[in-house]
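Structure at a glance
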Amino acid sequence: MDRLAAMSAFVTVVDEAGFARAARKLKLSPPVITRAVADLERHLGVSLLTRTTRVVRVTDAGARYVEDCRRVLAEIHEAEESAGGAHAAPRGQLNLTAPALFGRIFVTPIVTAYLRRYPDVRADCLFVDRLVNLVEEGIDVAIRIGELPDSSLQGTRVGTVRPVICAAPRYLRAHGIPARPEDLNRHTVVSATAVTPVPQWRLSVGGKEQLFDVKPRLMVSNNDAAIAAALSGFGVVRLLSYQIAAHVKARQLRIVLAEFEPAELPVHVVHHQGRRPSQKVRAFLDMAIDTLRGHPSLTER
């Protein structure tokens with residue numbers, strides 16, 4: 001097996017967490033994969049993997065080398081796509097990430113439309129409420145909510161969202177509508193840790209943002225659960241505007257304390273800066289940016 005094929009085999013072993021699974025994915029025999037990794041280790045003079053009867057783990061040297069392999073293989077793939085012609089149809093695998101609920105509401109419809117248009121592309125979507133490292137996890141395109149720190153990523157702004165406090169109308173009829181942030185102390189609070197990791201809500205008072213301590217009676221780890229609790233009339237919850245836009249429109253939830261909302265948060269579509277986007281990435285960026293910029297839930301007010 002040549003060096004590039006061996007590098008691909010090594011990356012697959014790491015991704016699949018085992019030689020047998022990597023062999024099945026690559027449609028090769030396990031001994032072939034084992035020999036390929038062993039040849040790499042002999043060539044490099046280091047151990048890339050720690051093997052036991054049940055687990056395969058990456059060594060420190062292997063963790064560094066696997067990211068180098070990903071970059072080399074990605075650059076080769078992009079060079080081959082470029083050589084195939086600038087107007088050739090997109091093909092290959094597209095890896096995407098977005099916050100969980102944003103992915104379900106916005107990205108999934110875009111991806112399915114994209115895949116219908118380009119039948120030679122496959123997509124792998126990672127929808128999670130954590131900051132994903134695009135390089136380490138092999139991601140092509142990501143949706144980021146919030147200001148972008150200086151990094152190696154190229155971002156295109158597609159809209160804004162805002163942190164809002166809301167509750168079901170029946171809850172507000174029973175317990176009253178909070179008029180000031182301090183009134184939250186008299187209400188049942190639901191805290192979605194995906195939005196607010198600590199029980200403090202940032203609000204704007206007199207043009208200055210302040211942190212207000214809240215005492216959640218219910219803490220949940222994902223936004224869907226927080227929305228369900230609010231819809232049931234259990235209490236007051238703080239979420240991002242896009243997450244409850246449909247429920248507000250249907251009058252199932254009502255936004256309160258709107259005059260104390262903090263600054264809006266930008267939404268960006270990001271990809272690797274300095275790398276020429278492949279055809280599949282360029283085509284997805286064009287579709288995603290155009291679609292998201294036209295969505296009323298992301299329109300800057």
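The structure presented is a predicted model; accordingly, all values stated were derived computationally and were not measured. (Residues numbered from 1 in each chain as written. Predicted model: local features only at pLDDT ≥ 70, side-chain atom pairs only at ≥ 80, totals over all residues. Heavy atoms only, no water.)

Some words on unusual backbone geometry
Cut-off, in case you're wondering: We count a stretch as a helix when DSSP gives it H or I for four or more residues in a row; a strand needs E for two or more, and each element gets its number in order from the N terminus. Three labels apply to residues, based on accessible area from a 1.4 Å probe with only protein chains included: buried if under 20% of the type maximum, exposed if over 50%, partly exposed otherwise in between.
Notably, Arg251 is not glycine yet its phi reads approximately 65 degrees, a positive angle. When you line up the elements, Arg251 lands in the loop between helix H8 (241-249) and strand E13 (254-256). Look at Arg251 and you get exposed, because its relative accessible area is 73%. At Leu257, a residue that is not glycine, the phi angle is positive and equals roughly 55 degrees. Within the element layout of this structure, Leu257 appears in the loop between E13 and strand E14 (265-272). By relative accessible area, Leu257 is classed as buried at 4%.

Observations regarding helix H2 (residues 19-26)
The α-helix winds at 3.6 residues per turn, so residues separated by three or four positions along the chain end up facing the same way. Put simply, the test is: Picture the helix axis, draw a direction to every C-beta atom, and the arc is the one those directions span. Contacts are residue-level and defined by heavy atoms, with any inter-residue pair within 4.5 Å sufficient.
If you check which residues of H2 are buried, you get Phe19, Ala22 and Ala23. In a view along the axis of H2, the buried residues occupy a sector of 100 degrees, so they form one face of it. Among the exposed residues of H2, those pointing more than 90 degrees away from its buried face are Arg24 and Lys25. Buried positions along H2 lie against helix H1 (3-16), helix H3 (30-44), strand E1 (49-51) and strand E2 (56-58). Backbone geometry just after H2 places Lys27 at a positive phi near 60 degrees.

Some details on the packing of H1 against H2
Under the convention used in this document: Here the axes come from fitting lines to C-alpha atoms, over the contacting stretch only for helices, and the angles between their N-to-C directions go from 0 to 180 degrees. Geometric relationships in this document are graded by angle, where less than 35 degrees denotes roughly parallel, more than 145 denotes roughly antiparallel, 65 to 115 denotes roughly perpendicular, and other angles denote oblique. When the near helix sits turned anticlockwise from the far one by under a right angle, the crossing is termed left-handed; a clockwise turn instead gives a right-handed crossing. The nonpolar class holds Ala, Val, Leu, Ile, Met, Phe, Trp, Tyr, Cys and Pro. Asp, Glu, Lys and Arg form the charged class, and all remaining residues, Gly among them, are polar.
It is at 8 Å that the axes of H1 and H2 come closest, and there the two elements cross at 120 degrees. Between H1 and H2, the angle falls in the class oblique. Regarding H1 and H2, the two cross each other, and that crossing is right-handed. Every residue of H2 that contacts H1 at Ala9, Thr12, Val13 and Glu16 is listed here: Phe19, Arg21, Ala22, Lys25 and Leu26. Taken together, the residues of the contact of H1 with H2 break down into five nonpolar, one polar and three charged.

Side note on the sheet that holds strand E8 (residues 189-192)
Quick note on the threshold: One bridge is not enough; two strands pair if DSSP finds at least two bridges between them.
Spatially, five strands are ordered E11-E8-E12-E7-E13 in an open sheet, and the strand pairing comes out mixed. Here the strands that pair on one side only, and so sit at the sheet edges, are strand E11 (218-220) and E13. With strand direction ignored, the average angle separating the axes of adjacent strands in the sheet is 35 degrees. Summarising the sheet, strand E7 (residues 163-167) and E13 pair through three bridges and their orientation is antiparallel. Its bridge partner lying in E13, Ile165 is registered against Val256.

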